[in-house]
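For reference, the chains in residue letters:
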Amino acid sequence: MANIILEAEKYLEHPYTPNRKDNYLPNKLVVSNTQFTRVEQRLFEYFVNQIDHGSIDVNHGMLIRIPLDKVKEFITPRQILAVTRSMAQKVMTFFDLSKPNLEFKHIPMFSSISYNEDNNGHLEFKSNAQLSPYLANLGTQYTRYDFRTILHFKSIYSTLMYKLIRLHLGQNRTTFIYSIDELRKLLQVDKDKYNNLNDFKKRVLEPVKLELKQINGIPIHFDYENCGNKVRNVTHLQFTVFTAFELSQSEKQDFLEATTINPKLVNLKLEEILVTKYNFRENHRNIILNDTDKLNKFATLHIEFENNLHPKVKNKTAYILACLEMIAKKTTKV
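Residues numbered from 1 in each chain as written. Predicted model: local features only at pLDDT ≥ 70, side-chain atom pairs only at ≥ 80, totals over all residues. Heavy atoms only, no water.

## Remarks on the overall build of the protein
Scanning the protein from terminus to terminus reveals 15 helices and 11 strands. Here the protein holds 334 residues, and 43% of them are scored as buried. For the protein, restricting intrachain contacts to residue pairs at least 6 apart in sequence, the fraction spanning at least 24 positions comes to 66%. A total of about 18900 Å² of accessible surface is found on the protein, and carbon and sulfur atoms cover 48% of it. (Helix = DSSP H or I, 4+ residues; strand = E, 2+ residues; numbered from the N terminus. Buried < 20%, exposed > 50% of the residue type's maximum accessible area, 1.4 Å probe, protein only. Contact = heavy atoms within 4.5 Å. Areas by Shrake-Rupley, 256 points an atom, 1.4 Å probe, with all protein chains shown as cover.)

See below:
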C-alpha cells in the first residue's frame, strides 16, 4: 500500500486539454541538446503541449496522457513501439554555450512511456522529477511557438531552427550571431557531417530556409551572412529574421517599383490573382481592374494576406470588398 501512495505522490497528473494553439518552453530547454529523430520530436511536442506550467511541482514528475486518435494524426501505430522505446532512453543535456566542455548536465527525460495500457486509449508519459524545475522555470525567459506548425516540419533541423528563431523574436531580437560550432550543436548536426562550411549551408541551412518558407502560417523568414573580416576559415554567421510585417512592407515596395517600370505586366498579373485567388463577382472584378486606387489597394491587401498578416480573416474576398468600400463592413467575417 505504501508503494501505491509513493507512486501517487511522485507524479502529478496534468489533465488533457484539447486544441492548445501554442507550446511554451523555457529558453534553457530550447538550447539544450536532445538527439531526437523527427518522429520523436513530434511526440515530444505533444508532451510539451499538455504541460500546465502553472501546476508543475518541482519535486514531482508529471503524468501526461494523450488520446491515441491525436497521436495517430502524425505517427503510425507501426512506428509507436520503436519510437517510444527510443524516447524512454533519451537524456536532455544542459550546457553553457560559452563553455560547453566545462559545464553540462545530463537528465533522463522520462521515467516511463506506455501505450494503451489496460486498453485506456492513451499514450502516457511519466516525466523524470529532475526535469520539473527546468520546465517550471518560464519566468521571462521562455519561447512560445505554434504547436501545429512544429508538427508539420519534415526536417529536425527545421524544427530546431524554427524554435531558435522564435526564442530570439521573443526577446525582440531580429538579428543574432552564432559561431558555426555553436550552431551545429544547437541544430544537432552530427560531428562527422557537413564539416565543410559550403556543405553545411547547402545541406542544412538552405533546406531549412526553404522549408520554413513553404510551411503555411509561419510569418518569419531568415537570411544569414558570414560574420567578421575573414575571407577564409569563417567562424561565425549572422542571422537576420524578417517578420510578416517587414516582408509585406518589402513586397509592397517591390510592387510600387514594378508598376513604375512595367505597369501593363503588373496589371495582367493582378488580374490573374483576382481570378484565381479570390471569389469576386465579375462586376466587382471589373470595378477593381478599372480603378487604379482600388487595384493598388487590392495589391496591398493581397500581399498582407500572403504574409499572414490577417490570420483571423475567414472570408478574404469579403474583407477586401469591405476595405475597398464596395460592400458594407458588417458582412466581413473576422
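## A few points about the sheet that holds strand β6 (residues 110–115)
Pairing within the open sheet is mixed, and its four strands lie in the order β1-β3-β7-β6. With partners counted over all chains shown, the strands left at the sheet margins are β1 (11–14) and β6, one partner each. The mean inter-strand angle of the sheet, taken between neighbouring strand axes irrespective of direction, is 20 degrees. Where strand β3 (residues 61–67) meets strand β7 (residues 122–127), five bridges bridge the pair, whose relative direction is antiparallel. (Pairing = 2+ DSSP bridges. Axes fitted to C-alpha atoms, helices over the stretch in contact; angles between N-to-C directions.)

## Comments concerning unusual backbone geometry
Positive phi values are uncommon outside glycine, yet Asn-119 reaches one of about 60 degrees. Turning to its location among the elements, Asn-119 is positioned in the loop between β6 and β7. For Tyr-194, which is not glycine, the phi dihedral falls at a positive 50 degrees. Locating Tyr-194 in the fold gives a position in the loop between α9 (180–186) and α10 (197–214).

## A word on the packing of aromatic side chains
Going through the model one piece at a time under the given rule, you end up with 18 aromatic pairs. Centre to centre, the rings of Tyr-46 and Phe-147 are 5.3 Å apart; their planes meet at 80 degrees, and the pair counts as edge-to-face. Taken as a pair, Tyr-46 in helix α3 (residues 38–49) and Phe-147 in helix α7 (residues 147–152) lie far apart in primary sequence, 101 residues in all. Given the relative accessible area of 4%, Phe-147 is considered buried. Through pairs of rings, three or more aromatic residues link up here, namely Phe-36, Phe-44, Phe-47, Phe-110 and Phe-125. (Phe/Tyr/Trp six-rings, centres within 6.5 Å; stacked < 30°, edge-to-face > 60°.)

## Section: helix α14 (residues 292–306)
Look at α14: 21 Å from first C-alpha to last across 15 residues, which is about the 21 Å you get at 1.5 Å a residue. All of the buried residues along α14 are Leu-295, Phe-298, Ala-299, Leu-301, His-302, Ile-303, Glu-304 and Phe-305. (Expected span 1.5 Å × (residues − 1).)

## So, the pattern of salt bridges
A complete count under the given rule lists 12 salt bridges for this structure. The salt bridge involving Lys-21 is made with Asp-146; its shortest N-O contact spans 3.0 Å. In this pair, Lys-21 sits in the loop between β1 and β2 (22–26) while Asp-146 sits in strand β8 (residues 142–146), placing the two residues 125 residues apart along the sequence. Its relative accessible area of 17% is what places Asp-146 among the buried residues. In this structure, a network of salt bridges that share partners links the residues Lys-21, Asp-22, Arg-144 and Asp-146. (Salt bridge = Lys/Arg side-chain N within 4 Å of Asp/Glu carboxyl O.)

## Notes on the confidence of the model for the protein
Scored by pLDDT, the protein has a mean of 83; 86% of the residues are at 70 or more. Predicted confidence is poor over residues 1–8, with pLDDT under 50, and the contacts of this stretch with residues over four places away or in other chains come to one contact. (pLDDT = per-residue confidence, 0-100.)

## Regarding the environment of Ala-129
Its place among the elements puts Ala-129 in the loop between β7 and α6 (132–136). The exposure class assigned to Ala-129 is partly exposed, which follows from its relative accessible area of 25%. Measuring from C-alpha to C-alpha, the distance between Ala-129 and Lys-10 comes to 7.7 Å, with 119 residues separating the pair along the chain. Those residues in contact with Ala-129 that lie beyond four places of it in its chain are Val-58, Asn-59, His-60 and Gly-61.

## Topic: the packing of α14 against helix α15 (residues 316–323)
Angle between the axes and distance between the axes are the two parameters that describe a pair of packed helices. Contact geometry of α14 with α15 gives a least axis separation of 10 Å together with a crossing angle of 145 degrees. The way α14 lies across α15 gives a crossing that is right-handed. On α15, the residues that touch Phe-298, Leu-301 and Phe-305 of α14 are Lys-316, Tyr-319, Ile-320 and Cys-323. Of the residues belonging to the contact of α14 with α15, the class tally is six nonpolar, no polar and one charged. (Left-handed = near helix turned anticlockwise from the far one by under 90°. Nonpolar A, V, L, I, M, F, W, Y, C, P; charged D, E, K, R; others polar.)

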